[in-house]
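The chain contents come next:
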Amino acid sequence: MSAYAEPLTRAVTEIERHAGKRGWDQPPRLYALAPTAELLQREPGLAEQLGTAATDAEPGALTPVEQQLPDQPLDDVLATITWPETVRGCAVVVERIVLPAEAEQTLPDDPDEADAWAQNHPDRTDVRIVVGVLRDGSSTAVLRVRGHEADDELIHDP
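Residues numbered from 1 in each chain as written. Predicted model: local features only at pLDDT ≥ 70, side-chain atom pairs only at ≥ 80, totals over all residues. Heavy atoms only, no water.

**Student:** Hey, could you run me through the overall build of the protein in this one?
**Tutor:** The helix and strand inventory of the protein stands at five helices and six strands. Tracing the protein from N to C terminus, the helices and strands come up as α-β-α-α-β-α-β-α-β-β-β. Each principal axis of the C-alpha distribution contributes one length, and for the protein these read about 55 × 35 × 30 Å. Summed over its atoms, the accessible surface of the protein is roughly 9900 Å², and 51% of this surface lies on carbon and sulfur atoms. Charge centroids of the protein, computed over 13 positive and 30 negative side chains, lie 6 Å from each other. (Helix = DSSP H or I, 4+ residues; strand = E, 2+ residues; numbered from the N terminus. Areas by Shrake-Rupley, 256 points an atom, 1.4 Å probe, with all protein chains shown as cover. Lys, Arg positive; Asp, Glu negative; His and termini not counted. Charge placed at Lys NZ, Arg CZ, Asp CG, Glu CD.)

In structure tokens form, the structure reads like this:
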């Protein structure tokens, strides 16, 4: 396990809480994960704005930096992204509809019809998933079920 596993978990949880403040039915979001101490050292204005110094950063702490996403499918965008070595990893936020297994038997074949059908299914459950991955292969995820907004209801990996 990476030395950054705990900071990664904290960063992913912070991202989910930030996403939660925006409410549900949000588009996907992508974050670069930068080492906080290095970011504050490179950006003295940011350190000043936050009233802190690079030396005050928790060892291994990661700062999420939201990225602008083009209006394209997320899978296509992710396949084209490159970041400098100063970016330790990334995190993505997506919302999905989860249906019971038996619902698959009546799922329409047409993708547009299937989407509308799932949106209106009486047994649907909405979830927000935040997944973070570091360059060394470390990863973590958190999941929030709509209607379960308390911090102790956040589901952490594995």
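**Student:** Explain the pattern of salt bridges here, please?
**Tutor:** When their charged atoms lie close together, side chains carrying opposite charge are able to pair. Enumeration over the complete set of coordinates arrives at 13 salt bridges. Ionic pairing is found between arginine 146 and aspartate 25, a salt bridge with its closest N-O pair at 3.1 Å. Linking arginine 146 in the loop between β5 (139-145) and β6 (155-156) with aspartate 25 in the loop between α1 (5-21) and β1 (29-35), this pair joins segments that are 121 residues apart in sequence. Here aspartate 25 falls in the exposed class, since its relative accessible area comes to 55%. (Salt bridge = Lys/Arg side-chain N within 4 Å of Asp/Glu carboxyl O. Buried < 20%, exposed > 50% of the residue type's maximum accessible area, 1.4 Å probe, protein only.)

**Student:** Explain the packing of aromatic side chains to me, please; I cannot follow it from the model alone.
**Tutor:** The geometry of an aromatic ring pair is captured by the separation of the ring centres together with the interplanar angle, meaning the angle of the planes. Throughout the structure, instances matching the rule amount to zero aromatic pairs. The ring of tryptophan 24 has arginine 128 sitting right over it, with the charged end atom 4.2 Å from the ring centre. (Phe/Tyr/Trp six-rings, centres within 6.5 Å; stacked < 30°, edge-to-face > 60°. Lys NZ or Arg CZ within 6 Å of the ring centre and 35° of its normal.)

**Student:** Just to check I follow, could you spell out the nonpolar core for this structure?
**Tutor:** Where a protein is soluble and globular, its nonpolar side chains tend to be buried together. Leu8, Ile15, Leu33, Val93 and Val130 are the most contacted members of the largest nonpolar core, which totals 14 residues. At the level of secondary structure, the elements contributing two or more residues to this core comprise α1, β1, β3 (89-98) and β4 (125-134). For this core, the element with the most residues is α1, which contributes five residues. (Core = buried A, V, L, I, M, F, W, Y, C linked by side-chain atoms within 4.5 Å.)

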